[in-house]
Amino acid sequence: MTYEGMLAETVAFRGHDGDVGEAYYARPLGAGPWPGVVLIHHMPGWDWWIKEATRTLAYHGFATISPHLYFREGPGSPDDVGARVRAAGGVADAQVIGDVAGAMEYLRAQPYANGKVGVIGFCSGGRHTYLVACSLVGVDAAVDCWGGNVIVDDPKLLNAKRPVAPIDLTEKLRCPLLGLFGNDDENPNRDQVNRTEAVLKKLGKTFEFHRYDGAGHAFFNAARPAYRPEQALDGWNKVFAFFQKHLATAAAARAA
Amino acid sequence: MCSYIVEKAKLMGSAKGPNGWMRIDTANVYYDHPFHAPLDHALGIDFINEAEGGRERVAVELSAESARRLVDKILAALASGEIEHGRAAHVASVAAE
């Protein structure tokens, strides 16, 4: 019998400006070493599905932390806190980058860590992932799941909180990037995905994009009508393979 | 898509939430991914008291179709109610004379 176990819990982490916030953290039990992943939640916030996705990555051998990017608006339930953030126009990109950097430090400080850290994000978290991968040193692999507004066609969408279109930072992308997109999505739409791909190609970046027919936005999310089980299963398998390739050390691969 | 687009409606009234009744002065209205409703997008309304910080809310998440139906029914209730109460007020004033 092979022992299998996981620990999933709320932990405290130090984020942007040294602020201490909450994060959901799931890791495989055992000595490891385990690669780490920071999972960036979508706009509605720190909900059931985000925690489920965090546990899914842990099940596949990745110590995964999902920082609650809205913790400064607490206390309160994640949905109420998310509503306050929405009313305030969202969170600032610089703050998100600082929080993800803090979550990466948390992962690397664990005794069972293998030292590699990836980042994955969904929806607005996909955009944040692109931004983080172009902004932080130490990201070993990044997965953008249908991040909208990586390309900003309407300059009115840029403001003090989101001053730069992530696509304009592509030159600084320092790690391999995996992108998953639904062909029926409207943000990002097919044209925007194609244009992002063209910029990555032109700049010689290491990336792979996968597009799914019959799927729109958020097709992994089993809590919504957008869920597409076949495409989601294939997409998840691509995520696991990508992280395994870029984050696992030989010992971690054996442990997983 | 995830957006941060919120329409703010100033209003006067009260709403009842988990902590009882509260005065409200604003409705934040948006159409985006819901937190609870099993929909890809929902019309969300958060009734808050912005003057007191807006931290408490009474919230709904509605399908686009049901939100439009609700708008129609609000207008219909206002129209019929104002006619009825207008008539009642007229009858009461005649009786008082």
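Everything in this summary refers to the structure shown in the same document. (Residues numbered from 1 in each chain as written. Chains lettered and ligands numbered in written order. Predicted model: local features only at pLDDT ≥ 70, side-chain atom pairs only at ≥ 80, totals over all residues.)

Across its full length, chain A holds 7 helices and 8 strands. Taking 256 residues into account, the globule formula puts the C-alpha radius of gyration at 18 Å, and chain A, at 17 Å, falls close to it. With the C-alpha coordinates of chain A rotated into their principal frame, the extents come out at 55 × 40 × 35 Å. The 256 residues of chain A split such that 50% are buried. Within chain A, residue pairs in contact and separated by at least 24 positions form 68% of the contacts whose partners lie at least 6 positions apart. (Helix = DSSP H or I, 4+ residues; strand = E, 2+ residues; numbered from the N terminus. Rg over C-alpha atoms; globule rule 2.2 N^0.38 Å. Buried ≥ 20, exposed ≤ 12 C-beta atoms within 10 Å, placed from the backbone. Contact = placed C-beta atoms within 7 Å.)

This paragraph deals with the packing of helix 3 (residues 93-108) of chain A against helix 4 (residues 124-135) of chain A. All names here are of chain A. Between helix 3 and helix 4, whose axes approach to 10 Å, the crossing angle comes to 70°. With respect to their mutual orientation, helix 3 and helix 4 come out roughly perpendicular. Each of Asp-93, Val-96, Ile-97 and Val-100 in helix 3 lies in contact with helix 4, whose residues at this interface are His-128, Leu-131, Val-132 and Ser-135. Looking at the contact of helix 3 with helix 4 residue by residue, the classes come out as 5 nonpolar, 2 polar and 1 charged. (Axes fitted to C-alpha atoms, helices over the stretch in contact; angles between N-to-C directions. Parallel < 35°, antiparallel > 145°, perpendicular 65-115°, else oblique. Nonpolar A, V, L, I, M, F, W, Y, C, P; charged D, E, K, R; others polar.)

Moving on, we come to helix 5 (residues 190-202) of chain A. Residues and elements named next belong to chain A. End to end, helix 5 covers 18 Å across 13 residues, agreeing with the expected 18 Å (1.5 Å per residue, within 8%). Considered for burial, the residues of helix 5 that qualify are Gln-192, Val-193 and Thr-196. Down the axis of helix 5, the buried side of the element spans an arc of 100°, and every buried residue falls inside it. The exposed set on the far side of helix 5, more than 90 degrees from its buried face, consists of Asp-191, Ala-198, Lys-201 and Lys-202. On the buried face of helix 5, the contacting elements are strand 7 (177-182) and strand 8 (207-212). Gly-204 sits one or two residues past helix 5 and shows a positive phi near 70°. (Expected span 1.5 Å × (residues − 1). Arc of directions from axis to C-beta.)

A word on the interface of chain B and chain A. With 19 residues of chain B in contact, the opposing surface of chain A contributes 25 residues. The element best represented in the side of chain B that touches chain A is strand 2 (residues 20-32) of chain B, accounting for 3 residues. A class-by-class count of the residues in the side of chain B that touches chain A yields 10 nonpolar, 4 polar and 5 charged.

The next subject is helix 6 (residues 229-247) of chain A. Residues and elements named next belong to chain A. In this model, helix 6 (19 residues) spans 26 Å end to end at C-alpha, consistent with the 27 Å of a helix rising 1.5 Å per residue. Residues of helix 6 that are buried: Gln-231, Gly-235, Val-239, Phe-242, Phe-243 and Leu-247. For helix 6, the angular spread of the buried residues around the axis is 100°, confining them to a single face. Turned more than 90 degrees off the buried face of helix 6, the exposed positions are Pro-229, Glu-230, Leu-233, Asn-237, Ala-241 and Lys-245. Residues of helix 6 that are buried make contact with strand 3 (34-40), strand 5 (113-122), strand 6 (141-145), strand 7 and strand 8.

This part covers the environment of A:Gly125. All names here are of chain A. Looking at the element boundaries, Gly-125 is found in helix 4. Under the C-beta neighbour-count criterion, Gly-125 is labelled buried, with 28 such atoms within 10 Å. For Gly-125, the residues in contact, after removing those within four places along its chain, are Ile-40, His-41 and His-42.

Everything listed here is a matter of geometry and, on its own, says nothing about what the molecule does.
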